[in-house]
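Understanding the architecture of this molecule
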Amino acid sequence: MTKSNFGKYFRYKLSKSKPSIIFFAILNFLSTTLPCIFLFNLFNYMKTENEGSDCGFIEYTLSSTYSFIKVMVIISIIVIIVTTAKSMKFYHNRTAVDMLGSLPLSYGERFWGDLLSGICVNFISFIPFSIISLIPINGMRSLYKLIPTSDYFLLETIEKSEMIFYYVFILIFVYIGIYAVTTFISSCCGKFGSSVFFSIVAISVIPGIYTIYAKWFFSNVIGADASKEIISNIFMLPPLGPIFSVIMRLENPNVLYTNKYDLSYLKQPICIMVSVLIIAAFIAVAYFIGKKRKAEKTGEEFMFKTVFHILSLTLLVMIIGVIYLNFFEKKGLTGIIKVLLISFLFYIILELSQNKSFKGFWKAVIRFATGFGACIAFLMIVKTTNSFNYYKNLPGENSIKEIRVSGDYFYSETGTLKKREYIYKAKDSVSVILSEHKKLLMSEDISTGNELNITYVTKGGREIVRGYSVKNDGEQIKDFSDEVKKLKEYDPGVIGILSYSDFSGIDAFFDFIKPHNDNISSGYIREDKINKLVELLRYDIENNFFNDNETSKNTIGFLTFFEIRGDKHDNLGAYRILTTYKNTLDFLNDPDNYVNPGDDNSAIYDISYSTNGDEGLLTDISISISEDDMSEYAKELLSYIEVKNSPDEYSPKIWVSGKNSSIVYGVRLENEKAAIKAMLKLFREKYVQ
Amino acid sequence: MIKFENVTKKYDDFTALENFDLEIPTGCAYGLLGTNGAGKSTLLRILSGVYKADAGKVTIDGENVYDNASVKQKLLLISDETSQFNGMTLLQMKKFYKTFYTNFSDETFERLNTIVNLPVNKKLGGFSKGMKRQAAVICGISAKTDYLFLDEAFDGLDPSMRSEIKKMIIDAMCDNNMTVVTSSHNLHEIEEYCDTVGLLHNGKMIFNKDLGDLKGNIHKVQCSFEKEPSKEDFPELEILLIEEKNGLTNIIAKGSADETLQKIKVKNPKFCDLIPLSLEEIFIYEMEALNYDRTKLL
């Protein structure tokens, strides 16, 4: 028995791939290490500058980094597909068939030699670069622990670094998955072009179909948030799903306001196992198909027509979904006919590209009619049955790890106005909530909304999120909330500023959003009165939250607590002041409790600063100044104010309104940092000291 | 020993080989003849383990060839197409073969390259067709395999180089007892060194004979008679052709030279002479005897 030639073939393939190894090393550096270095530099910048750092620069750097990551991932995916297909010369080149087919190599030796050398060429440089990438990320995480901060962007950067960490980690699975799919498709194709095209189809069609149809499906499920459902589940669709999931999370603006990146789902070993199993399945199928394939068929477009029909039909399903749901959904029968014509044209072109003739054309028409009919029927049934009444489908009691409940009938947390989530883990709590949820679903008045949010976290790490609104004054939601509040695990507690006992250095600003008091529209609370205010607020909240529904209808205004240390600013939270908070309202209606109540008639500019860049609701500091203000800081602040020409060049955090409401003022991005510092100092000088 | 047993190979609706049987003994130089599309390349590829037979059995030294690395170690195929080596230099090509063929001889390679004098560091893409073929042949011979399969090996070679290559192959056969199977649609190319020839037609071997026997067993006699003879006048001869031209009668008949001459002389010709036959002529007459249209065979 002769010695295996696998090692020789493997080394031969590697020696032929030196330029590819160098190319991939550059790509891997750009897609993993460089983004991490960007983030680390940004973090260092923010760490030293902290509050008031140039947010325009930060936003630009963050969004550029994520865009860069996206571009690099796309380039890497295409390069992997092209180089993999190219390295499978044996499948596409008749002369290579003679050369390699007659060599003293068994099929297995050649297949594994091709596969493993390709993996090495593609990923040999990935390992060192991914390890290098982790150094700045871990550096950031360690440094972060040393400097507690409330800086919004700093928090975002550090928290997203965890996402980047995960991105680097799963990238290897994504790339190997794409490599496996390309190997599989190449083993079915006889031409390089077909291999590349159908590999791209194969890796994108499943997440593509899922995204399009699941979005449609969940948009018809009462209470479901389609985008959240998609982000959670798309991870389970390798090879592209995991990277879609991470990038969608990196870019999802909702997470910016929650400061929370729930990675628990992504960290589930089951997800990695699914990826590994799917990759293994593709490789196994590629191996057996390659073994069955006839060498003489090399040069033909697709030698396993069944695989072609599956791919072309799934592509058709995706195209129908894209066209119909984006352009013709609301156009009835005319829309369907237009989709029919466009998709038919597309499908026939695809068929002709393979067959090069109209022989067996009728079979293609039958395949098209079946695919088209199935798609349209599915869409119609989903629409008419509210996605098969999926909204009634709740997870089984035994599969639930915890339930998170929040909503208008639940006391809200401070700071970002996020609804406070109450977490229930006890079995009896889970049972009661499930039962109450089912009762709620019996109501015909419920619709998708945000008045009540229930999140089920399963033991497998999956999150099922439902959000409801109810007609008729929300009686059903109130009933649900009342039952849930009776549970032992329900603990309204005291949080945020309400738990403080020492209020030295803490300032408060109240802003009436509804006409309530002729004398006061907004103002800073006297420092010596803040203790009393918090006491009244605590009393009102504790005595009213069982009854109160926090909505804009019954919100009188917002009370914001903050702390200024030198030129740094911490937002300690914002509270809705409701019509039922009688004691607090009495306090807030008394001008004596304010440093400078009412409008300053001499003021020509009202300047507000909000860390979230969200005008109105979450104003942290608001100042009125006039042009004859002699304060050094006022003069400095005035020097930064100018008429806005182009919105992009001005700070989104600083809002300036002048006497003449038709003129829009602003502070240029490059002056933002200095303006915030001057504003904080002026605030201390004018209102607090 | 190469053995095809009841081998069938189809390309969709086209049958390239059908119930094909063939035996090629070790050390034989076998010439495989046939028109384009006769099935020569298919046969060589099946023999090299590149293609898998749809039915039947192909063995070399008793072992199946397809997907059998140990058998493939004994054989080397030089394809009619050499573009796969375009990106390599001759040295890289040598390295490629040396990687996989354990008996590869650097010494033989150097010796053969001294004869053909090919540039070793120039990419084969820049070689002429003939130079590429020389490169492939010297690498193939240097691999020192037991079996060498050459598909249209002499295409594109000038006469002197064709002769050199043939000499190299003959030397290799003598040195290593190598079995060589050469496909060609040109009889002259293989006449000089093949000892057995086979003719493939429409996927079937219609002719398979030892060249020595073939040449010794068919003769052309030029003679002149008073009266133009017919085939029936020589019932004791196995006449393949008899024709009259300018008063001369040409008789092509099977059998030994002496026997044939003797049987003709019995009929008292004015004169009678044995004329040497080229392999091509022998082939043509054999085929005509089998009722094949010779113009469609070669």
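Residues numbered from 1 in each chain as written. Chains lettered and ligands numbered in written order. Predicted model: local features only at pLDDT ≥ 70, side-chain atom pairs only at ≥ 80, totals over all residues. Heavy atoms only, no water.

Concerning the overall build of chain A
A tally of helices and strands in chain A yields 23 helices and 13 strands. When the accessible surface of chain A is totalled, it reaches about 29,800 Å², and 60% of it is carbon and sulfur. (Helix = DSSP H or I, 4+ residues; strand = E, 2+ residues; numbered from the N terminus. Areas by Shrake-Rupley, 256 points an atom, 1.4 Å probe, with all protein chains shown as cover.)

Here we look at the nonpolar core
Grouped together as the largest cluster of nonpolar side chains are 193 residues, with contacts concentrated most on Ile164(A), Met93(B) and Phe96(B). When residues of this core are assigned to their parent elements, the largest contribution, 16 residues, is made by helix 8 (residues 152–188) of chain A. With near-sequence residues (within four places) excluded, Met93(B) lies in contact with Phe85(B), Met88(B), Leu124(B), Ala135(B), Ala136(B) and Cys139(B). By size, the runner-up hydrophobic cluster in this structure holds 30 residues, among which are Ala295(A), Ala38(B), Leu44(B) and Val58(B). (Core = buried A, V, L, I, M, F, W, Y, C linked by side-chain atoms within 4.5 Å. Buried < 20%, exposed > 50% of the residue type's maximum accessible area, 1.4 Å probe, protein only. Contact = heavy atoms within 4.5 Å.)

Focus on helix 18 (residues 427–442) of chain A
All names here are of chain A. When the terminal C-alpha atoms of helix 18 are compared, their 23 Å separation across 16 residues agrees well with the 22 Å that a helix rising 1.5 Å per residue should span. When we look at burial in helix 18, the residues that qualify are Ser429, Val430, Ile433, Leu434, Glu436, His437, Leu440 and Leu441. On its buried side, helix 18 packs onto strand 1 (400–407), strand 2 (422–424), strand 3 (446–458), strand 4 (463–470) and helix 19 (475–485). (Expected span 1.5 Å × (residues − 1).)

Side note on the interface of chain B and chain A
The accessible area lost on association of the parts is a frequent measure of interface size. Each partner contributes to the interface: chain B provides 28 residues, whereas chain A provides 26 residues. At the boundary of chain B with chain A, total buried surface from both sides reaches about 2,300 Å², with 58% on carbon and sulfur atoms. For the pair chain B and chain A, the number of links is 4 salt bridges. Of the charged contacts in the structure, one is a salt bridge between Glu296(A) and Lys9(B), with a shortest N-O distance of 2.5 Å. (Buried area = accessible area lost by both parts, 1.4 Å probe. Salt bridge = Lys/Arg side-chain N within 4 Å of Asp/Glu carboxyl O.)

A closer look at the sheet that holds strand 4 (residues 55–60) of chain B
Note: strands within a sheet are paired through backbone hydrogen bonds, in either parallel or antiparallel orientation. Residues and elements named next belong to chain B. Taken in spatial order, the 4 strands line up as 2-1-4-5 in an open sheet, and their pairing is antiparallel. Of all strands in the sheet, those bounded by a partner on one side alone are strand 2 (14–24) and strand 5 (63–64). Here strand 1 (residues 2–11) runs beside strand 4; their pairing, made up of 5 bridges, is antiparallel. Bridged to Lys3 within strand 4 is Thr59. Across the sheet, helix 1 (residues 40–48) touches strand 1, strand 2 and strand 4, and the angle it forms with strand 1 is around 120°. (Pairing = 2+ DSSP bridges. Axes fitted to C-alpha atoms, helices over the stretch in contact; angles between N-to-C directions.)

Section: the domain arrangement of chain B
All names here are of chain B. Taken domain by domain, chain B comprises domain 1 (2–210) and domain 2 (217–296). Computed over C-alpha atoms, the centres of domain 1 and domain 2 are 36 Å apart. Across the contact, 11 residues belong to domain 1 and 9 residues belong to domain 2. Together, the buried faces of domain 1 and domain 2 total about 960 Å²; carbon and sulfur atoms form 76% of this surface. At the surface where domain 1 touches domain 2, the tally comes to 0 residue pairs in polar contact (both at pLDDT 80 or more). Within the residue set of the side of domain 1 that touches domain 2, elements represented by two or more residues are helix 7 (187–191), strand 9 (196–201) and strand 10 (204–210). Taken together, the residues of the side of domain 1 that touches domain 2 break down into 6 nonpolar, 3 polar and 2 charged. (Domains from an automatic or database assignment. Polar contact = N/O pair within 3.5 Å; in protein donor to acceptor, adjacent residues only side chain to side chain. Nonpolar A, V, L, I, M, F, W, Y, C, P; charged D, E, K, R; others polar.)

Some remarks on the packing of helix 15 (residues 332–355) of chain A against helix 16 (residues 361–384) of chain A
All names here are of chain A. Contact geometry of helix 15 with helix 16 gives a least axis separation of 10 Å together with a crossing angle of 140°. The angle between helix 15 and helix 16 falls in the class oblique. Here helix 15 runs over helix 16; the crossing is right-handed. Of the residues in helix 16, those in contact with Ile336, Val339, Leu340, Ser343, Phe344, Tyr347, Ile348 and Glu351 of helix 15 are Phe361, Ala364, Val365, Arg367, Phe368, Phe372, Ile376 and Met380. Here the contact of helix 15 with helix 16 is built from residues that sort into 13 nonpolar, 1 polar and 2 charged. (Parallel < 35°, antiparallel > 145°, perpendicular 65-115°, else oblique. Left-handed = near helix turned anticlockwise from the far one by under 90°.)

Quick notes on the side chain of Glu296(A)
Within the secondary structure, Glu296(A) is located in the loop between helix 13 (269–292) and helix 14 (305–328). With relative accessibility at 8%, the residue Glu296(A) sits in the buried group. At a separation of 2.5 Å, a polar atom in the side chain of Glu296(A) contacts the side chain of Lys9(B). Leave out the neighbours within four places in its chain, and Glu296(A) touches Arg94(A), Lys9(B), Lys10(B), Tyr11(B) and Tyr51(B).

A closer look at a nonpolar patch on the surface
Residues and elements named next belong to chain A. Together, Leu333, Ile337, Leu340 and Leu341 make up a nonpolar patch on the protein surface, roughly 380 Å² of accessible area in all. Along the chain, Ile337 turns up in helix 15. Judged by relative accessible area, Ile337 falls into the partly exposed class, the value being 43%. (Patch = residues over 30% accessible without salt bridge, like charges linked within 9 Å, V, L, I, M, F, W, Y side chains within 5 Å.)

Overview of the packing of helix 3 (residues 90–100) of chain B against helix 4 (residues 106–116) of chain B
Residue and element names in this part refer to chain B. Contact geometry of helix 3 with helix 4 gives a least axis separation of 12 Å together with a crossing angle of 150°. Looking at the two axes, helix 3 sits roughly antiparallel to helix 4. Along this stretch, helix 3 crosses helix 4, giving a crossing that reads as right-handed. Across the interface between the two elements, Leu90, Lys94 and Lys98 from helix 3 touch Asp106, Phe109, Glu110 and Asn113 from helix 4. Partitioned by chemical class, the residues of the contact of helix 3 with helix 4 number 2 nonpolar, 1 polar and 4 charged.

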